[in-house]
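Fold and contact review
Here's the letter readout for the chains.
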Amino acid sequence: MTIKNVTILGSGIMGHGIAQVSAMAGYKVFLRDIEQKFLDKAMEKIKWSLQKLAEKNKITSDKAETFYSNIIPMVDLQAATNNTDLIIEAVPEDFKLKEKVYGELNNLVKKETIFASNTSTLPITELSQLTNRPENFIGVHFFNPPQLMKLVEVIPGKETNEIIVKELTNYVKSLNKSPVICNKDVPGFIVNRIFIPLVHEALYALERDKVSKDMVDSAVKFKLDFPMGIFELADYTGLDVIYKASYEMNLRDKKVLLMHPKVKEMYDGMELGQKSGRGFYEYKGENYERIKLTPEKATQYEPSSILGVAANNAAWLIENNVCTLEDLNNALKLGMGLKTEIFELVKKQSPIKIVNRLKDLEGRYGDFYHPHKYLEDLK
Ligand code: CAA
């Protein structure tokens, strides 16, 4: 089958971005949400993004208009899905909600249509069981902002047909993005298994090391070469996404992250980050905004616990054959913008120092920090 028409379910941060990059690759796109007002907001964001890309001469203004007109916003689920080859579900990360969505789709959509989920943390095999086509079901996980981030994790479930893996890998390549196959359907897949725990760890750092958010973020940016600080990135991603991802991952595997209660408090209090005007930092509006981080502030904090937790989860991924070292490095570079490879960062700081830091944390705060063998063996 050749994919020509694509339907994106959910027009939030990820959904509207996936719709845009699909339209930019020449697909006809149906963008579906439950209310017109969500679609209006999404189409505004798409317009803004296309204009930005045109300003930077990445596309012409004519192309921007064509891409925009190739996206058809729709509320009617049947109309949005009855003539499509691929449905990418990008609704909020709530298992019950996804169950409802797939329940509706099962009765509406022709059997050949591929179902893909942009879930960031829910197991693909569990989701596939909610559908009447587990062999035609796959995970395709984009990164925020989909318009700029090159990585897409492709996650086959237990029953996913090999042909679907190929089809989806080709679709991802046609978007001019790099697919990385996640060999095992583990909580958080590759990148979120590293990123999400860092939000909790950075919160612990504030209490344990008595530092400020912008000191931690500046250190992460200038000493670890991350493009954004952890709190900045959490606000940019949305505390709703972070909380739900944390909850789902923790439910299935206690070793992924050490929950910090502040994440749930912020979620309950609607302090969601950039999208609500307030998260770890304050924002003027919903538009793209950056936090002022400086090399001077970075000198006041040594982010060894943050690096330790990231590298330890990376080691777990390698030890458990979830991905190769090459894929891991590629995923972190293209999905999180890391300029230096994670184990290179450890080597720069000294592996013994990082392992000892983890052992010290293990002694004080428990098994979560126990260093994996791959990290202990790093020379
Ligand atoms: N479309 C088009 N342009 C956009 C854009 C969009 N959606 N969003 C931002 N831009 C523009 C900005 O407006 C800015 O333009 P100007 O130069 O005119 O101001 C430009 O792109 C970016 O410039 P910056 O100097 O601010 O940014 P940068 O060089 O640091 O790059 C970035 C921005 C690519 C976002 C980079 O900071 C980065 O890689 N950050 C990390 C992002 C990340 O880790 N994402 C993954 C999160 S986890 C996830 O998504 C998975 C999940 O399931 C939770």
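Quick summary incoming for the structure in this document. (Residues numbered from 1 in each chain as written. Predicted model: local features only at pLDDT ≥ 70, side-chain atom pairs only at ≥ 80, totals over all residues. Heavy atoms only, no water.)

1. Overview of the pairing of strand E5 (residues 114-117)
Quick note on the threshold: Each residue is assigned to one of three classes by its accessible area relative to the maximum for its type, calculated with a 1.4 Å probe on protein chains only: buried under 20%, partly exposed between the two thresholds, exposed over 50%. Elements are defined by DSSP. Helices are runs of H or I of four residues or more, strands are runs of E of two residues or more, and each kind is numbered from the N terminus. Any two strands are treated as partners once DSSP identifies two or more bridges connecting them. Think of it like this: strands point away, you trace from the first strand over the helix to the second, and a clockwise trace means the crossover is right-handed.
Residues Ile114 and Ala116 point to one face of E5 and Phe115 and Ser117 to the other, with burial holding for every one of them. Pairing between strand E4 (residues 86-89) and E5: four bridges, direction parallel. Its bridge partner lying in E5, isoleucine 88 is registered against alanine 116. For the segment spanning E4, helix H5 (residues 95-108) and E5, crossover handedness is right-handed. Looking at chain direction, E5 and strand E6 (residues 137-142) are connected through three bridges and run parallel. Paired with phenylalanine 115 across the two strands is phenylalanine 137, which belongs to E6.

2. As for the sheet that holds strand E1 (residues 5-9)
In plain terms, the rule: Think of each axis as a best-fit line through the C-alpha atoms, taken over the contacting stretch in the case of a helix, with angles from 0 to 180 degrees between the N-to-C directions.
Read across the open sheet, the eight strands follow the order E3-E2-E1-E4-E5-E6-E7-E8; overall the sheet is mixed. Every interior strand has two partners, whereas the edge strands, strand E3 (71-74) and strand E8 (178-181), have only one. With strand direction ignored, the average angle separating the axes of adjacent strands in the sheet is 25 degrees.

3. Looking at the packing of aromatic side chains
Threshold: Each pair of aromatic rings taken from Phe, Tyr and Trp, with Trp reduced to its six-membered ring, is defined by centres within 6.5 Å and is described as stacked if the planes are under 30 degrees apart, edge-to-face if over 60, and tilted in the remaining cases. Two thresholds decide whether a charge sits over a ring: the Lys NZ or Arg CZ must be within 6 Å of the ring centre and within 35 degrees of the ring normal.
For the coordinates displayed, the defined rule picks out 10 aromatic pairs. Three or more aromatic residues link up through ring pairs in this structure, and these residues are Tyr102, Phe115 and Phe137. Against the face of phenylalanine 115 rests arginine 133, its NZ or CZ located 4.1 Å from the ring centre. When the ring centre of tryptophan 316 is taken as origin, the NZ or CZ atom of arginine 193, which lies over that ring, is 3.5 Å away.

Interpretation note: all reported values are geometric properties and have no functional meaning in isolation.
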